[in-house]
Amino acid sequence: MKRTAYVRDMTKGSPLRLIIGFAVPLMMGNLFQQLYNLVDTMVVGYRLGDQAIAAIGATVSLYSLLINLAIDLNNGYAIVVTQRFGAHHIGDMRRSIAGMMVLNTAAALLLTCFTLVSLPRLLRFMNTPQEIFDLSYAYIAVVCGGIPVTIAYNMFAAILRSVGNSRMPLVFLVVSSLLNVALDVLFVWGLDLGISGAAWATVLAQAVSSLFSGWYVLRHYREYLPRKADFRIPGKLLFTLFSTGFAMALTSCVVELGTVFFQRITNLLGETLIAAHSAARRLLIMFLQPVMSLAAANMTYVGQNWGAGKPERIRPAIRMVMVMELVWCFTATLLMFLFGEGLIRFTTGTTSMAVLENAVLSLRIHFALFPVLGVLFCLRNSMQAIGQKVIPVLSSCIELAMKLFAAFWLVPTHGFIGVCVTEPATWVLMTLFLGAMYLLFRQRWFARVECTPETL
């Protein structure tokens, strides 16, 4: 197969070397992507105070629901592209990318129009406190208006990762993250644009990522990009793309839908506890990036080997990734128990002891069961990579049920403690379910010696 640019064929060679080599740039890229949110929190917190942090925190679950829907659709499409690449079916790969472009364009238009029309109603549905309603709307309206550029970046990054290139997405994110920092300081501190300035900084930085990544793919991976004829996409392939993307997005969407209801009841606890919950989750998400990166690297590895008909390379890799996930999770838990309070002070600039104490309480409860997430992400991403659609969605239904239970009984009864224990308890239940399904069905899944893209 002719190479037009850097590619990593993960169907040959050491699984450990391949997965780590792929995961490290991906992890650094994810950390820089999270830097957008962290810098927003720091700049807004130091400049505008706890009320502005609460305003951002009150919209986090809504934004996550919308943006993760688009991102995970893309990740699902990328599984199909990865399998074609692993099988060296370049014609099918081009048609798959053409399908990605068509489906992403539709998603960008639908999600942007939906958010622009529905945001005020959605914020009221989520019980956004009146004293921070205008601030919340000013922030989330700008960020949601930037959904098309976020989708575009994630599409190009998914194409690069499908051929084993996790380095260039890192480069683009480093550049745009540095730009995000500069724009945050300029808009919020220099031009005094308030909370909307932080949102504009994030959107413009993401737009730069999209432009650079699109240019790079067009210049260096033209062989894999669709021609005009490739946009006559066979119905079977389009259905495979949509069903795989929809299954992965549904997994995330069900989770985020539960989070919206969960955020709705959390918003009734008041500005101080919203700020505490938001500050704790920022750090949780930062420490989660290595877990997500290893799982994503394993997904690409599993997808390529499944497409190439080499299931014997998959099972040892899953065990190896799970061990690495657990090592990091236990390390992160120790660090958070030792330094969590200082990190909350540093990232928020808060002087409120109530915010600080409740944020630290949330961190400690979450990180007590943080290692469970390592197993959860490894199992779920591996199942998705081999084409298992139903089981990951069912695991997300468990999370939806738990968050609805919390929203309607646990939080109203136990207050902020109910907020803190909901997600860790959910992680345990989901991991037990996925682990049981993996042990029950793995022999059947991996008994297939040949797994061509046509049969997946």
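The notes below deal with the structure included here. Note that the structure is a prediction, hence the values are computed from the model and not measured. (Residues numbered from 1 in each chain as written. Predicted model: local features only at pLDDT ≥ 70, side-chain atom pairs only at ≥ 80, totals over all residues. Heavy atoms only, no water.)

Here we look at the state of the cysteines
Counted under the stated rule, the structure contains zero disulfides. Of all cysteine sulfurs, the one in Cys329 lies closest to Cys420, which takes part in no disulfide; the gap is 19 Å. (Disulfide = S-S within 2.5 Å.)

Focus: the side chain of Gln384
Turning to its location among the elements, Gln384 is positioned in helix α13 (residues 371–385). With residues up to four places along the chain from it excluded, the contact list for Gln384 reads Ile79, Met248, Thr251, Met299 and Pro392. (Helix = DSSP H or I, 4+ residues; strand = E, 2+ residues; numbered from the N terminus. Contact = heavy atoms within 4.5 Å.)

Comments concerning the environment of Thr333
Looking at the element boundaries, Thr333 is found in helix α11 (residues 314–348). Residues Thr333 and Leu363, spaced 30 residues apart in sequence, show a C-alpha to C-alpha distance of 9.5 Å. Not counting the four nearest positions on each side in its chain, Thr333 is found in contact with Phe367, Phe370 and Pro371. There is a polar contact of 3.1 Å between the side chain of Thr333 and the backbone oxygen of Phe367. (Polar contact = N/O pair within 3.5 Å; in protein donor to acceptor, adjacent residues only side chain to side chain.)

Re the pattern of salt bridges
Here the structure, examined in full by the defined rule, presents six salt bridges. A salt bridge links Lys403 to Glu399, with the nearest nitrogen and oxygen atoms 2.9 Å apart. With Lys403 and Glu399 both in helix α14 (residues 390–414), this residue pair falls four residues apart, about one helical turn. In this structure, Lys403 and Glu423 form a salt bridge, with 3.4 Å as the shortest nitrogen-oxygen distance. With a gap of 20 residues between them, Lys403 in helix α14 and Glu423 in helix α15 (residues 416–446) connect regions that are remote in the sequence. Per residue, the accessibility class of Lys403 equals that of Glu423, and both read buried. When salt bridges with common partners are traced through the structure, they connect Arg281, Glu399, Lys403 and Glu423 into a single cluster. (Salt bridge = Lys/Arg side-chain N within 4 Å of Asp/Glu carboxyl O. Buried < 20%, exposed > 50% of the residue type's maximum accessible area, 1.4 Å probe, protein only.)

Observations regarding the nonpolar core
One finds Met93, Tyr224, Phe367 and Phe370 to be the most contacted residues of the largest nonpolar core, which totals 134 residues. With 18 residues, helix α10 (residues 271–307) is the largest single contributor of residues to this core. (Core = buried A, V, L, I, M, F, W, Y, C linked by side-chain atoms within 4.5 Å.)

Quick look at the packing of α11 against α13
At a closest axis distance of 7 Å, the pairing of α11 and α13 adopts a crossing angle of 150 degrees. Considered as vectors, α11 and α13 are oriented roughly antiparallel to each other. Crossing hand, α11 versus α13: right-handed. Contacts between α11 and α13 involve Ile318, Val321, Met322, Glu325, Leu326, Cys329, Phe330 and Thr333 from the first element and Pro371, Gly374, Val375, Phe377, Cys378, Leu379 and Ser382 from the second. (Axes fitted to C-alpha atoms, helices over the stretch in contact; angles between N-to-C directions. Parallel < 35°, antiparallel > 145°, perpendicular 65-115°, else oblique. Left-handed = near helix turned anticlockwise from the far one by under 90°.)

Points about the packing of α10 against α13
Helix-helix packing: each pair is described by the crossing angle between the helix axes and the interaxial distance. Where α10 contacts α13, the two axes come as close as 8 Å, and the packing angle between them is 25 degrees. Taken together, the axis directions place α10 and α13 in an arrangement best described as roughly parallel. Like other packed secondary-structure pairs, α10 and α13 cross with a definite hand, here right-handed. Between α10 and α13, the contacting residues are Leu288, Val291, Met292, Ala295, Ala296, Asn298, Met299, Val302 and Gly303 on the first element and Leu373, Gly374, Phe377, Cys378, Asn381, Ser382, Gln384 and Ala385 on the second. Looking at the contact of α10 with α13 residue by residue, the classes come out as eleven nonpolar, six polar and no charged. (Nonpolar A, V, L, I, M, F, W, Y, C, P; charged D, E, K, R; others polar.)

Here's the deal with the packing of aromatic side chains
Overall, the coordinates contain eight aromatic pairs when judged by the stated rule. When the ring of Phe287 is compared with that of Phe367, the centres are 5.8 Å apart and the planes differ by 90 degrees; the resulting orientation is edge-to-face. In this pair, Phe287 sits in helix α10 while Phe367 sits in helix α12 (residues 353–368), placing the two residues 80 residues apart along the sequence. For the pair formed by Phe287 and Phe367, the shared burial category is buried. Connected via pairs of aromatic rings, a cluster forms that spans Phe85, Phe172, Tyr216, Tyr221 and Tyr224. Positioned over the ring face of Phe377 is Arg380, at 5.3 Å from the centre of the ring. (Phe/Tyr/Trp six-rings, centres within 6.5 Å; stacked < 30°, edge-to-face > 60°. Lys NZ or Arg CZ within 6 Å of the ring centre and 35° of its normal.)

By themselves, these are just geometric observations and shouldn't be taken as functional.
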